Amino acid sequence: MKVLGIDTSCDDTSAAVLDFGGGPVRIVTNVVSSQTEIHQKYGGVVPELASRRHVEMIWPVVSEALEGGSEGLSGLDGIAVCQGPGLIGSLLVGCSFAKALTYAAGLPLVGVNHLEGHLLSPFLLEREPEFPFLALVVSGGHTSLYKVAGYGQYEELGRTRDDAAGEAYDKVSKFLGLGYPGGPELDRRAREGDPARVELPRAYLPGSFDFSFSGLKTAVRLAREREPGVPLNDVAASFQASVVDVLTRKTEWAIRTFHIRRVALSGGVAANSSLRARMKEMAREREVELFLPPPGLCTDNAAMIALAGYHRLRKGERAGLDLNPRPYLPLGVPAE
């Protein structure tokens with residue numbers, strides 16, 4: 001069984017073909033067209049420009065993914081498209097294209113939650129996690145902690161109350177004049193800085209698995225005003241240490257609370273070198289299995305959408321031509 005995945009949730013146009021024909025899932029193609037150069041001068045994603053670029057790139061990207069699959073449309077068994085959450089204009093391009101393609105080719109279609117794609121991305125690894133496992137999704141738009149009991153069985157343990165971790169990275173980077181996207185540049189500078197140089201808060205929110213990073217941004221600004229001469233590398237390292245401490249400690253608390261010894265990390269911020277190192281260290285100390293997709297499968301990609309779509313297609317789910325994008329699309333049930 002081969003599934004085409006399409007993702008246009010934010011500023012990357014992506015298409016992928018996955019082969020589920022016996023044995024481990026195989027990524028046949030995974031094509032991503034980045035818009036970073038377009039949005040850099042604005043310091044963040046401009047929704048209108050993002051959707052226009054998707055219109056330009058959706059057909060070339062899907063064509064490249066299909067050509068790499070050798071059999072093209074005729075070799076597919078289904079199409080999965082990201083339905084949400086995300087930017088409504090961007091989502092509209094992907095959903096409209098997927099519906100036109102499924103109508104023309106006579107293939108079954110299914111809509112996929114972007115967060116479910118991130119949750120299941122560890123199953124693209126050679127060593128797949130067993131259920132249940134804990135999943136930390138950290139990206140520019142989302143920071144959430146889940147308990148995953150099976151395919152389609154997700155319990156949200158906590159989520160950010162304000163900014164996502166990736167959003168905090170981008171805004172702090174813009175304030176410091178380091179450009180966009182902020183994550184890679186802050187991570188690079190942090191490796192050469194002193195994480196103890198600037199005292200910054202940790203919003204642990206005791207008694208909750210929720211996150212909060214809005215106050216951290218303000219603290220960085222105030223610290224910069226108090227001591228403008230502190231090297232940028234030290235500021236970056238101190239900021240990153242605060243974010244990573246909170247993400248790691250929250251995950252550790254969930255391990256102790258639910259006695260689940262498997263943890264998966266996904267989302268764009270999961271490519272951060274410090275977070276990956278701290279999570280590996282914590283996993284060794286707690287004697288838990290850690291599942292870390294490679295950086296290319298942490299950021300937005302259509303392979304994870306195809307994977308999630310495959311499991312929904314197997315259950316008999318089908319979307320009609322009335323499938324509409326949903327910019328706000330919660331995943332799973334909240335914890336009691």
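Look up a bit, the structure's there.
Residues numbered from 1 in each chain as written. Predicted model: local features only at pLDDT ≥ 70, side-chain atom pairs only at ≥ 80, totals over all residues. Heavy atoms only, no water.

(A) Just the sheet that holds strand β3 (residues 26-33), in detail. Ordered by their spatial adjacency, 5 strands build an open sheet running β3-β2-β1-β4-β5, and the pairing between neighbours is mixed. What marks the edges here is a single partner per strand, and that holds for β3 and β5 (109-113). Strand after strand, the sheet turns through a mean of 20° between neighbouring axes, direction not considered. Packed onto the sheet, helix α3 (residues 88-105) meets β1 (2-7), β4 (78-84) and β5 and runs at close to 160° relative to β4. Lying over the sheet, helix α11 (residues 302-314) contacts β1, β2 (13-19), β3, β4 and β5, oriented at roughly 130° with respect to β1. (Pairing = 2+ DSSP bridges. Helix = DSSP H or I, 4+ residues; strand = E, 2+ residues; numbered from the N terminus. Axes fitted to C-alpha atoms, helices over the stretch in contact; angles between N-to-C directions. Contact = heavy atoms within 4.5 Å.)

(B) Focus on the packing of aromatic side chains. The tally for this structure, following the rule as stated, stands at 11 aromatic pairs. For the ring pair Trp 59 and Phe 97, a centre distance of 5.7 Å and an interplane angle of 45° mean the geometry is tilted. You can see Trp 59 sitting in helix α2 (residues 47-68) and its partner Phe 97 sitting in helix α3, a full 38 residues away along the chain. By relative accessible area, which is 48% here, Trp 59 ends up partly exposed. Overall, the relative accessible area of 17% leaves Phe 97 in the buried class. Here the aromatic rings of Phe 209 and Phe 258 are separated by 5.9 Å at their centres, their planes lie at 35°, and the arrangement is tilted. Of this pair, Phe 209 sits in the loop between α6 (182-190) and α7 (214-226) while Phe 258 sits in helix α8 (residues 232-258); the two residues are 49 residues apart in sequence, bridging distant segments of the chain. Take Phe 209: its relative accessible area is 16%, and that puts it in the buried class. Through a chain of ring-to-ring contacts, three or more aromatic side chains come together here, namely Phe 123, Phe 131, Phe 133 and Tyr 151. When the ring centre of Tyr 204 is taken as reference, the NZ or CZ atom of Arg 249 above it lies at 4.8 Å. (Phe/Tyr/Trp six-rings, centres within 6.5 Å; stacked < 30°, edge-to-face > 60°. Buried < 20%, exposed > 50% of the residue type's maximum accessible area, 1.4 Å probe, protein only. Lys NZ or Arg CZ within 6 Å of the ring centre and 35° of its normal.)

(C) Region of the structure containing the nonpolar core. Of all hydrophobic cores here, the largest spans 47 residues; its most connected members are Leu 186, Leu 200, Phe 213, Phe 239, Val 243, Leu 247 and Leu 265. Where this core is concerned, the elements lending two or more residues are β6 (133-138), α5 (165-175), α6, α7, α8, β9 (262-266) and α9 (273-286). No other element matches α8, which puts 11 residues into this core. Leu 247 has contacts with Leu 136, Val 138, Thr 143, Phe 211, Phe 213 and Leu 275, leaving out every residue within four places of it along the chain. If you look at the next biggest cluster of nonpolar residues, it comprises 35 residues, including Phe 20, Val 137, Tyr 146 and Tyr 154. (Core = buried A, V, L, I, M, F, W, Y, C linked by side-chain atoms within 4.5 Å.)

(D) Quick look at the environment of Ala 302. For Ala 302, the position within the fold is in helix α11. Taking C-alpha positions, Ala 302 is 8.3 Å from Val 81, a pair spaced 221 residues apart along the chain. The contacts of Ala 302, once residues within four sequence positions are left out, are Gly 5, Ile 6, Asp 7, Ser 14, Ala 15, Ala 16 and Asn 30.

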